[in-house]
Amino acid sequence: MNRGVACACGSAEMLRRGLLYWLCRMGTVLILICCSLSLLYVITCSTHNDDPLVSPLLPRPAAPGSPGDLGGAPSGPRGRESYQALLQEREEQHRQHISSLKKQIAQLREALQGGAGPPAHIGEQADLQEFLRRQLGRAEVQAGVRLPSEYSVVPFQSFTLHRVYQLETGLTRHPEEKPVRKDHRDELSEVVDNALHALNAPNQRGDKTATSKVYSPSDFIEGVARTEKDKGTLYELTFRGEHKQEFRKMVLFRPFGPLMTVSDERVETSHATINIIVPLSQRADKFKQFMHSFREVCIKQDRRVHLTVVYFGQDQANEVKGTLENTSRELHFRNITLIQLNEEFSRGRGLDVGARAWKGGNVLLFFCDVDIIFTADFLNTCRLNTQPGKRVFYPVLFSQYNPAVIYGGGNHVPPMEQQLVIKKDTGFWRDFGFGMTCQYRSDFLNIGGFDVDIKGWGGEDVHLYRKYLHSNLLVVRAPSRGLFHLWHEKRCADELPPDQYKMCMQSKAMNEASHGQLGMLLFRHEIEAHLRKQKQRSGAKRLEGQ
């Protein structure tokens, strides 16, 4: 009986173990199935989810070997930080997008409530497009306009890939611009590139075939361009065509946009003292003439000036000193400094010493010469076109021709005040001179001042000018209607080599008179002979009439 009970218990134990083993196996299979289904679900969701609000939040796995592949799931501190940074970036993008949408909704709501139409920036863009179209219509592009005279014509300039031919020759005095200025070169390169792009574009040339010509810069022959200051710039470009006698002509127009207010500021000049520095050696008579103008303009009208005279040597020094003392005493003007240097004359050295001798803080400097006359308006122009640390002023002065040639002899020469007239027969813009300049003392010292090793006249002004051009300061270069260079005789020394002597004589001729006046001097004998013949014929006709 005991043996039967033991057998029954053993069978029950075996059955229980078998059931547990079967349940474990079934559980394992179920777990594997669940994991597989979960993995398939994740893969399916990450691959096919097109919800724009969900997909940016969880980045899709990068392809192996791609820049975004992190080699599996983020693991370690570095992987977690990268993943968190990516999540933050996506979250910030959503914030910005939501903020933009809120602004647009607010603009639309305001427009609907006020009946103002579309948002302001859309209206502004439409207005600008319409303005540019009107500029094209106003310009002389499609058809000519009636002009009152030949002086109203806006001339074209012609150009190739490497040359620009112009009527306004500028500083170089060449009929072709050489070298081509950078902004001009960039402008024309952009124009040619745009024309080539338009020529080669399918929508401009129709369907391309194997024989269609592909245009390149070598096909560009020449172009003409002109600018109407209030409308824009017109470009007409000619290219070689597909056949020998065929050409392609492109017309482009760059319309000028509406004016923009950049700044509006009050400029206070009541305390802007100008230290006028004049280097001098001998020339006492010229200095008296300069001081006469200085009295009338600087002392009687402006009074916000200080005169610094740097005198070289001893010859005529007492005369110069006496002229300064008389001016100071008679007009009760104390803003005068005389610095005497017992050394060889150097304009750069004199101006440098005068600028550094000032002890009253940052003052506006005007480098001047003894044969210069200026007006009170020029002094204000000097103040308005300079700003410490930002701007320096290089005026282009008007250089006077020989009054004896202009007015036909010493008896007909008017007083100096009446000679200061800006006309083509009285003088010219001295655009090759850089000696007269206005800048603050701090800028002059920071730029390094003059090259004091240059002796005599010339060279030091160009050296300083180039320093400013190479700096971050704005150089204001403009003609000044209140700054005049008085004519004085130019002597060309016999010791000069032939080439330098020739250059000196050419400079002398240019300063002597205009082209037409020099021609009249050259042909004066023919003119006099013609007048004598006319007089004789008139006399003969009178005798015949008697």
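Scoring rules and cut-offs
- Residues numbered from 1 in each chain as written.
- Predicted model: local features only at pLDDT ≥ 70, side-chain atom pairs only at ≥ 80, totals over all residues.
- Heavy atoms only, no water.
- UniProt positions renumbered as here; feature names shortened; annotations may be inferred.
- Disulfide = S-S within 2.5 Å.
- Helix = DSSP H or I, 4+ residues; strand = E, 2+ residues; numbered from the N terminus.
- Buried < 20%, exposed > 50% of the residue type's maximum accessible area, 1.4 Å probe, protein only.
- Patch = residues over 30% accessible without salt bridge, like charges linked within 9 Å, V, L, I, M, F, W, Y side chains within 5 Å.
- Areas by Shrake-Rupley, 256 points an atom, 1.4 Å probe, with all protein chains shown as cover.
- Salt bridge = Lys/Arg side-chain N within 4 Å of Asp/Glu carboxyl O.
- Pairing = 2+ DSSP bridges.
- Phe/Tyr/Trp six-rings, centres within 6.5 Å; stacked < 30°, edge-to-face > 60°.
- Lys NZ or Arg CZ within 6 Å of the ring centre and 35° of its normal.

As named in an unreviewed UniProt entry, the chain is Hexosyltransferase, taken from Electrophorus voltai. The chain has a UniProt comment under Catalytic activity (unreviewed entry) that states "3-O-(beta-D-GlcA-(1->3)-beta-D-Gal-(1->3)-beta-D-Gal-(1->4)-beta-D-Xyl)-L-seryl-[protein] + UDP-N-acetyl-alpha-D-galactosamine = 3-O-(beta-D-GalNAc-(1->4)-beta-D-GlcA-(1->3)-beta-D-Gal-(1->3)-beta-D-Gal-(1->4)-beta-D-Xyl)-L-seryl-[protein] + UDP + H(+)". According to the UniProt record, the Subcellular location (unreviewed entry) comment for the chain reads "Golgi apparatus, Golgi stack membrane".

Chemist: Give a description of the state of the cysteines that names residues and reports values.
Modeler: Taken as a whole and judged by the stated rule, the model has one disulfide. Disulfide pairing is shown between C382 and C438; the S-S distance is 2.2 Å. Residues C382 and C438 share a disulfide whose torsion about the S-S bond is about -130°; that sign makes it left-handed. Placement of the pair is C382 in helix α9 (residues 376–384) and C438 in strand β14 (residues 437–440), with a sequence separation of 56 residues. Look at C382 and you get buried, because its relative accessible area is 0%. For the unlinked cysteine C368, the closest cysteine sulfur is that of C298, found at 8.7 Å.

Chemist: For a nonpolar patch on the surface, give the residues involved together with the corresponding values.
Modeler: On the surface, a nonpolar cluster with roughly 500 Å² of combined accessible area is contributed by M520, L522, F523, I527 and L531. When contributions to the nonpolar patch are tallied by element, the ones reaching two or more residues are α15 (515–522) and α16 (524–545).

Chemist: Account for unusual backbone geometry, naming residues and giving values.
Modeler: The backbone of Q316 sits at a positive phi, close to 65°, despite the residue not being glycine. With respect to the helices, strands and loops of the structure, Q316 is situated in the loop between β8 (305–312) and α7 (317–331). Even without a glycine there, the phi angle at H332 is positive, about 55°. Note on placement: H332 falls in the loop between α7 and β9 (336–341).

Chemist: So what about the sheet that holds strand β1 (residues 157–159)? Which residues, and what values?
Modeler: Reading across from one edge, β3-β2-β1-β4-β5-β6 is the order of the six strands in this open sheet, with antiparallel pairing throughout. Looking along the sheet, the strands with just one partner apiece sit at the ends: β3 (176–177) and β6 (247–255).

Chemist: Lay out the packing of aromatic side chains with the relevant residues and their values.
Modeler: Applying the stated rule across the entire model yields 19 aromatic pairs. Here F287 and F290 contribute two aromatic rings whose centre-to-centre distance is 6.2 Å and whose plane-to-plane angle is 20°, an arrangement assigned as stacked. Here F290 and F287 lie together in helix α6 (residues 284–302), a separation of three residues that amounts to about one turn. When sorted by exposure, F287 lands in the same class as F290, which is buried. The structure contains a cluster of three or more aromatic residues connected by ring pairs, namely F287, F290, F294 and F333. Note that K213 overlies the ring of Y215, its terminal NZ or CZ placed 5.5 Å from the centroid. Over the aromatic face of Y465 sits the side chain of R477, whose NZ or CZ is 5.8 Å from the ring centroid.

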